[in-house]
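Coordinate analysis (summary)
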Amino acid sequence: MNKPQILIVEDDNAVASLIATTLETQDYQYKCAKTGASAVMEALTYKPDVMLLDLGLPDMDGVEIISKIRAWSNMPIIVVSARSEDSDKVMALDAGADDYLTKPFSVDELLARLRVALRRVRYDSQRLSEEASVYENGGLKIDYAAGCVFLDGEEIHLTPIEYKLACLLAKNTGKVLTHNYILKEVWGSPTASDVQSLRVYMAMLRKKLEKDPANPQYIQTHIGIGYRMLRHQ
Ligand code: CA
């Protein structure tokens with residue numbers, strides 16, 4: 001991959017220049033947009049690898065920008081916002097954001113999230129050129145065609161729902177999936193009370209997938225928000 005291109009969408013000059021300086025230390029290329037309209041235009045013309053998105057912009061809400069971009073692009077979007085309520089995070093993630101960072105953020109945390117997003121870009125383009133019928137992530141392997149799951153070379157037996165959950169997380173590796181999104185994809189029509197049964201299924205899946213379920217290597221919990229499959233090299 002060439003130098004990663006990052007689009008910074010931020011109307012606060014101080015924050016934009018902090019992010020820009022941080023990206024310069026990593027030799028990343030970047031452009032800045034201060035409004036929602038210019039963010040959408042730059043997303044089309046600059047074609048960034050990752051977008052860093054502030055939600056509070058003068059002309060448009062960030063969630064609206066996510067929906068617009070998701071209509072035609074799968075590029076990773078990391079929300080960087082002062083809004084810290086779970087409901088704000090869930091709204092942005094449900095609209096299709098990949099990840100969420102609350103201001104004030106640490107520069108190291110920002111770079112770590114960016115690396116995760118860039119790995120997803122690399123993985124997606126690699127996957128397009130390969131046969132996408134086998135998923136491999138560290139010691140976890142899913143053979144989609146055969147419907148089999150292996151951990152460190154040994155087949156593990158999942159129930160149909162556990163298997164659906166594992167595949168959904170695997171296909172979105174690196175991305176935070178909200179409870180609502182998972183319920184909709186796996187069960188069709190979610191209600192609030194289903195979140196509790198989702199937790200139970202996740203606990204069962206973890207017992208099978210994780211060597212130490214209390215210290216998960218694969219499935220990360222985002223309390224009040226959802227789950228994410230972590231990428232292993
Ligand atoms: Ca703002």
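1. Examining the pattern of salt bridges
Following the criterion strictly, the structure yields 12 salt bridges and no others. Here Glu42 ties to Lys31 by a salt bridge, and the two come within 3.7 Å at their closest N and O atoms. Note that Glu42 is positioned in helix H2 (residues 36-45) and Lys31 in strand E2 (residues 29-33), a separation of 11 residues in sequence. Put simply, Asp54 and Lys103 hold a salt bridge, and the shortest N to O gap is 3.3 Å. A residue pair is termed long-range when its members are at least 10 positions apart, and Asp54 in the loop between strand E3 (50-53) and helix H3 (62-70) and Lys103 in the loop between strand E5 (99-102) and helix H5 (107-129) qualify at 49 residues. Several salt bridges converge on common partners, so that one network encompasses Asp99, Glu109, Arg113 and Arg228.

2. Quick look at the pairing of strand E8 (residues 148-151)
Across four bridges, the pairing between strand E7 (residues 140-143) and E8 is antiparallel. Across the sheet, Asp143 pairs through a bridge with Cys148, a residue of E8. Hairpin connection of E7 to E8: four residues between the antiparallel strands, including Gly147 at a positive phi of 70°. Relative to strand E9 (residues 154-156), E8 runs antiparallel, the two being bridged by three bridges. Across the sheet, residue Val149 finds its bridge partner in E9, namely Ile156. Where E8 hands over to E9, the hairpin turn is made up of two residues, of which Asp152 adopts a positive phi near 50°.

3. Structural notes on the nonpolar core
One broad rule of soluble globular proteins: the nonpolar side chains tend to lie buried together. Residues Ile142, Ile182 and Leu205 are the most contacted members of the largest nonpolar core, which totals 29 residues. Breaking this core down by element, the ones donating at least two residues are E7, E8, helix H6 (160-171), helix H7 (179-187), helix H8 (194-209) and strand E12 (226-229). Among the elements that make up this core, the one with the highest residue count is H6 (seven residues). Once residues within four sequence positions are removed from consideration, Ile142 is found in contact with Ser133, Val134, Tyr135, Cys148, Val149, Tyr163, Ala166, Cys167 and Ala170. Counting 26 residues, the second-largest nonpolar core is a separate cluster that includes Leu53, Leu55, Leu57 and Tyr100.

4. What to know about the packing of H6 against H7
The N-to-C vectors of H6 and H7 enclose an angle of 125°; their axes lie 10 Å apart at closest approach. One element, H6, and the other, H7, form an angle in the oblique class. Crossing hand, H6 versus H7: right-handed. Along the contact surface, H6 presents Ile161, Lys164, Leu165 and Leu168, while H7 presents Tyr181, Ile182, Glu185, Val186 and Trp187. The residue inventory of the contact of H6 with H7, partitioned by class, reads seven nonpolar, no polar and two charged.

5. Observations regarding the sheet that holds E5
Read across the sheet, five strands follow the order E2-E1-E3-E4-E5 without closing on themselves; strand pairing throughout is parallel. What marks the edges here is a single partner per strand, and that holds for E2 and E5. Adjacent strand axes in the sheet meet at a mean angle of 20° when their direction is disregarded. In terms of strand pairing, strand E1 (residues 5-9) meets E3 through four bridges, oriented parallel. By the bridge assignment, Val9 is partnered in E3 with Leu53. Contacts from H2 reach E1, E2 and E3 within the one sheet, and its direction differs from that of E1 by about 170°.

6. Some remarks on the coordination of the calcium ion
Angles at a metal have ideal values that depend on geometry: 109.5 degrees with four tetrahedral donors, 90 or 180 degrees with six octahedral donors. The coordination sphere of the calcium ion, as far as protein atoms go, consists of Asp11 (OD), Asp54 (OD) and Gly56 (O), spread over 2.2 to 2.4 Å. All donors of the calcium ion come from a single chain, and their spacing in sequence reads D-x42-D-x1-G. For Asp54, a relative accessible area of 6% gives the class buried. By relative accessible area, Gly56 is classed as partly exposed at 35%.

The rules behind these values
- Residues numbered from 1 in each chain as written.
- Predicted model: local features only at pLDDT ≥ 70, side-chain atom pairs only at ≥ 80, totals over all residues.
- Heavy atoms only, no water.
- Salt bridge = Lys/Arg side-chain N within 4 Å of Asp/Glu carboxyl O.
- Helix = DSSP H or I, 4+ residues; strand = E, 2+ residues; numbered from the N terminus.
- Pairing = 2+ DSSP bridges.
- Core = buried A, V, L, I, M, F, W, Y, C linked by side-chain atoms within 4.5 Å.
- Buried < 20%, exposed > 50% of the residue type's maximum accessible area, 1.4 Å probe, protein only.
- Contact = heavy atoms within 4.5 Å.
- Axes fitted to C-alpha atoms, helices over the stretch in contact; angles between N-to-C directions.
- Parallel < 35°, antiparallel > 145°, perpendicular 65-115°, else oblique.
- Left-handed = near helix turned anticlockwise from the far one by under 90°.
- Nonpolar A, V, L, I, M, F, W, Y, C, P; charged D, E, K, R; others polar.
- Donors = N, O, S within 2.8 Å, 3.2 Å for Na, K, Ca; no water.

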